[in-house]
Amino acid sequence: MRTLGSDLPDAIDLLARVESRLRPGALIVADNADYSPDCSPEYLAYVRSPVSRYLSIAFADDVELSMRIG
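Throughout what follows, the structure given in this document is the object of discussion. As the structure is a computational prediction, the values presented were derived from the model and not from experiment.

**Details of the environment of I57**
- With respect to the helices, strands and loops of the structure, I57 is situated in strand β2 (residues 54-58).
- Considered as a pair, I57 and L44 are 13 residues apart in the sequence and their alpha carbons are 9.5 Å apart.
- Contacts of I57, omitting those with residues within four sequence positions, involve V63, E64 and L65.

**Considerations on helix α1 (residues 11-18)**
- Listed as buried for α1 are A11, L14 and L15. Angularly, the buried residues of α1 cover 100° about the axis, an arc narrow enough to put them on a single face. In α1, the exposed residues that point more than 90 degrees away from the buried face are A16 and R17.

**Some words on the environment of V47**
- Mapped onto the fold, V47 is located in helix α2 (residues 42-48).
- The spacing of V47 and L65 is 18 residues in sequence and 9.4 Å in space, taken between C-alpha atoms.

Here is what the cut-offs are and how they apply
- Residues numbered from 1 in each chain as written.
- Predicted model: local features only at pLDDT ≥ 70, side-chain atom pairs only at ≥ 80, totals over all residues.
- Heavy atoms only, no water.
- Helix = DSSP H or I, 4+ residues; strand = E, 2+ residues; numbered from the N terminus.
- Contact = heavy atoms within 4.5 Å.
- Buried < 20%, exposed > 50% of the residue type's maximum accessible area, 1.4 Å probe, protein only.
- Arc of directions from axis to C-beta.

Structure representation (structure tokens):
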């Protein structure tokens, strides 16, 4: 398991950088997803989109859990 610290690009930019390396079944946990300007709204809109290759749900108050499905 790898975790990422602070001083990183916005969540949507970071996902774009690593997305090609994610295998189906890979899990992405976005903490503070509802409150952080880095995650909202572009990141959440992307992983929740019906055309994205993710199955994503809100997990707890401010955590988004997404699974790569294809």
